[in-house]
Amino acid sequence: MNIIFADQQAILNASDFIRNGRLVAVPTETVYGLAADAGNDKAVAKIFQTKGRPQFNPLIVHVTSIEQAEEYVSMTPLAKLLAEAFWPGPLTLVLPRKQSANLSYLVSAGLDTIAIRCSSHSVMRDLIFNSGCPIAAPSANPSNYMSPTTAEHVKNGFLGLPEPAIILDGGPCEVGLESTIVDACTEHAVILRHGGLSRGDLERTCPIYTHEPNQKIKAPGMLEKHYAPVHKIRLDVKEVRAGEVLLAFGSEGVPVCENTLNLSTSGDLTEAAANLFKMLHRLDAIQSSGIAVMNIPNTDLGEAINDRLNRASK
Ligand code: TXA
Ligand code: MG
């Protein structure tokens, strides 16, 4: 992992890494991001693996324009108003995911909403242009560390790890605080995370509501809302009951079932994470008496997989 000055050639090289499913650390105006192709399940799984997140928090998808955002999310009238006022800039909008969106399901942790942002930083923008894909990027720090605002911060966080493949150095981040996240799914703008764009600035365009963590607002995109399949999930199965479909893992002890999807026949937990939400969606679309899920080892990304499966089974 090398720090490379983010000139045109370095950005072209970084784009190759992105297209090949690798991770690249990239400056934005808020904080450095750990970037991957948002359409590539395996690359997105690598983000979670590299950050060592015990849970699959949904990630922000970065684009370069309102037009590109419209390929992936429904831009509500409120979203258009906010995007026209503050994009490119430190504002992330949570919006309904379009059915046709060619994005990894892992990127939104199976939610039917997507957090989308248009950064003003020329390095992030050039990386998206040259890679030819939208970019998923959480802050480029190991889980539970502070967000990095210089290339050195990123390097120190991931010492000795294979990813990110390179760190593009664009100097210190101007804003230094993560983007402000606003749920714009309905006609009410709700702040989900305070950040680089102040409430006062936002309020110049429309009334802003704050999401209180203990206040249960029934609206899409709320943080505590987790993907729950329609069908009942039964965990830790060794046998499949009549009418069930099966989410299998590994090659040993897989019960016979007509509708089986295997997270990873080789028992690779990163591959399993990459497939998790995609396969749950597919199995959930089948008429069945429930989704049976085999045991998944609780190590490495298995912890995050089990966290999600446990929530989905409740
Ligand atoms: O400034 C930033 O936003 C930086 C730069 C790199 O763009 N990124 C960043 O990402 O801070 P991250 O992953 O550290 O934080 C993303 C936040 C998480 O708190 C996550 O829960 C929330 O966005 N989020 C993502 N998708 C969401 C969704 N569909 N609904 C609600 N919240 C969502
Ligand atoms: Mg973060």
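That block above? That's the structure.
Residues numbered from 1 in each chain as written. Chains lettered and ligands numbered in written order. Predicted model: local features only at pLDDT ≥ 70, side-chain atom pairs only at ≥ 80, totals over all residues. Heavy atoms only, no water.

Enquirer: Just checking my understanding: could you explain the packing of aromatic side chains for this structure?
Expert: Both the distance between ring centres and the angle between the ring planes are used here to describe each pair of aromatic rings. A full pass over the atoms with the stated rule returns 2 aromatic pairs. Pairing F48 with F56 gives two aromatic rings, centres 5.0 Å apart and planes at 80 degrees, and the pair type is edge-to-face. What makes F56 buried here is its relative accessible area of 0%. With centroids separated by 6.1 Å and ring planes inclined at 75 degrees, the aromatic side chains of F56 and F277 adopt a geometry described as edge-to-face. Here F277 lies in helix α8 (residues 269-284) and F56 lies in the loop between α2 (41-51) and β4 (60-63), a separation of 221 residues in the sequence. Comparing F56 with F277 shows no difference in burial state: the two are buried. An aromatic cluster of at least three residues, connected via ring pairs, comprises F48, F56 and F277. Just above the ring of Y105 sits the side chain of R97; from NZ or CZ to the centre is 4.2 Å. (Phe/Tyr/Trp six-rings, centres within 6.5 Å; stacked < 30°, edge-to-face > 60°. Buried < 20%, exposed > 50% of the residue type's maximum accessible area, 1.4 Å probe, protein only. Helix = DSSP H or I, 4+ residues; strand = E, 2+ residues; numbered from the N terminus. Lys NZ or Arg CZ within 6 Å of the ring centre and 35° of its normal.)

Enquirer: I keep staring at the site of ligand 1 and nothing clicks. Help me out?
Expert: Among the 24 residues in the neighbourhood of ligand 1, the closest are listed as T30, H62, T113, S179 and R193. Note that an oxygen atom of ligand 1 is positioned 2.6 Å from one of the side-chain N or O atoms of T30. Protein coverage of the free-state accessible area of ligand 1, which is 690 Å², stands at 92%. Among the elements that line the shell around ligand 1, the one with the most residues is strand β6 (residues 113-118), at 4 residues. Partitioning the shell around ligand 1 into residue classes produces 13 nonpolar, 7 polar and 4 charged. (Near = heavy atom within 4 Å. Polar contact = N/O pair within 3.5 Å; in protein donor to acceptor, adjacent residues only side chain to side chain. Areas by Shrake-Rupley, 256 points an atom, 1.4 Å probe, with all protein chains shown as cover. Nonpolar A, V, L, I, M, F, W, Y, C, P; charged D, E, K, R; others polar.)

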